[in-house]
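Examination of the molecular architecture
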Amino acid sequence: MPSERVFAFNGAGDSSTGQVVVTRDIGAVGGACPLALYIDGTLAAHLRRGETVTLSVPAGNRIVSATFAGKGGCSWGDESGHRREISQVVTAGGQTRIRLALAHDGVIQVSPTAF
């Protein structure tokens, strides 16, 4: 994924961080619109369909959220109304995988995944 769309948590990390690997599905619903990924309320990246980003995140309980990003047809009005969040434990030296998807009705899904 292009580095200009990664805004935070993109350093090498250290012994107090874990990797959070986020993959956005390639589904057709909302495919033209990027999704904004947040970690604990900090904008981390904008992902387009099929993209994966690996972030170095401090270990602990983290809130991972996503909402629509962009302008025009991608703004979807009040972005906070479309934001979806999950709580995820990040372990130091570990790897956590998250999947971003859009349901057929356009609702964002944020979920842990093994893939």
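Look up a bit, the structure's there.
To start, this report covers the structure provided alongside it. (Residues numbered from 1 in each chain as written. Predicted model: local features only at pLDDT ≥ 70, side-chain atom pairs only at ≥ 80, totals over all residues. Heavy atoms only, no water.)

**Digging into the sheet that holds strand β3 (residues 42-47)**
Threshold: Two strands pair if DSSP finds at least two bridges between them. What counts as a helix is a DSSP run of H or I of at least four residues, what counts as a strand is a run of E of at least two, and both are numbered from the N terminus. What counts as an axis is a line fitted to C-alpha atoms, over the stretch in contact for a helix, and the angles between N-to-C directions run from 0 to 180 degrees.
Within the open sheet, the 4 strands sit side by side as β3-β2-β5-β6. Their pairing is antiparallel. At either end of the open sheet lies a strand with only one pairing partner, and these are β3 and β6 (84-90). Each adjacent strand pair in this sheet contributes to an overall mean axis angle of 25 degrees, direction not counted. Relative to β6, strand β5 (residues 60-68) is paired through 7 bridges, and the arrangement is antiparallel. The residue bridging Val 64 from the neighbouring strand is Ile 86, located in β6.

**Notes on the pairing of strand β7 (residues 95-102)**
Sheet topology note: the strand β1 (residues 17-24)/β7 ladder contains 6 bridges and is parallel. Pairing of Val 22 across the sheet is with Ile 98, part of β7. Judged from the 5 bridges that link them, β7 and strand β8 (residues 108-112) form a sheet pairing that is antiparallel. Within β8, the residue paired with Ala 101 across the bridge is Gln 109. Linking β7 back to β8 in an antiparallel pair, the connection comprises 5 residues, with Gly 106 at a positive phi of about 85 degrees.

**Describing the pattern of salt bridges**
Filter applied, for reference: Salt bridges are defined as contacts in which a side-chain nitrogen from Lys or Arg sits within 4 Å of a carboxyl oxygen from Asp or Glu.
Summed over the entire model, instances satisfying the criterion amount to 3 salt bridges. Where Asp 25 meets Arg 99, a salt bridge forms, and the shortest distance between an N and an O atom there is 2.6 Å. Taken together, the residues span a long stretch of sequence, with Asp 25 in the loop between β1 and β2 (35-39) and Arg 99 in strand β7 at a distance of 74 residues. For Arg 62, the salt bridge is made with Asp 40, and the minimal N-O distance between the two is 2.9 Å.

**Observations regarding the sheet that holds β1**
Read from one edge of the open sheet, 4 strands run β4-β1-β7-β8, paired in mixed fashion. The two strands at the open ends of the sheet, each matched to only one other strand, are β4 (52-58) and β8. Strand-to-strand twist of the sheet, defined as the mean angle between neighbouring strand axes without regard to direction, takes the value 25 degrees.

**A word on the packing of aromatic side chains**
For any pair of aromatic rings, the description rests on two quantities: the centre-to-centre distance and the angle between the ring planes. For the record, the criterion: Pairing of aromatic rings covers Phe, Tyr and Trp, the last through its six-membered ring, and needs centres within 6.5 Å; plane angles under 30 degrees mean stacked, over 60 mean edge-to-face, and all others mean tilted. By definition here, charges over rings are those cases where NZ of Lys or CZ of Arg is within 6 Å of the ring centre and within 35 degrees of the ring normal.
Scanning all chains against the criterion turns up 0 aromatic pairs. Over the ring of Tyr 38 we find Arg 83, and its NZ or CZ is 4.4 Å from the ring centre.

**Quick word on the nonpolar core**
Put simply, the test is: Take the buried Ala, Val, Leu, Ile, Met, Phe, Trp, Tyr and Cys residues and link them wherever side-chain atoms come within 4.5 Å; each set so joined is a nonpolar core. Partly exposed describes any residue whose relative accessible area lies between the buried limit of under 20% and the exposed limit of over 50%, with all areas from a 1.4 Å probe on protein chains only and scaled to the type maximum.
Val 22, Leu 37, Val 53, Leu 55, Ile 98, Leu 100 and Val 110 are the most contacted members of the largest nonpolar core, which totals 23 residues. Elements with a contribution of two residues or more to this core: β1, β2, β3, β4, β5, β6, β7 and β8.

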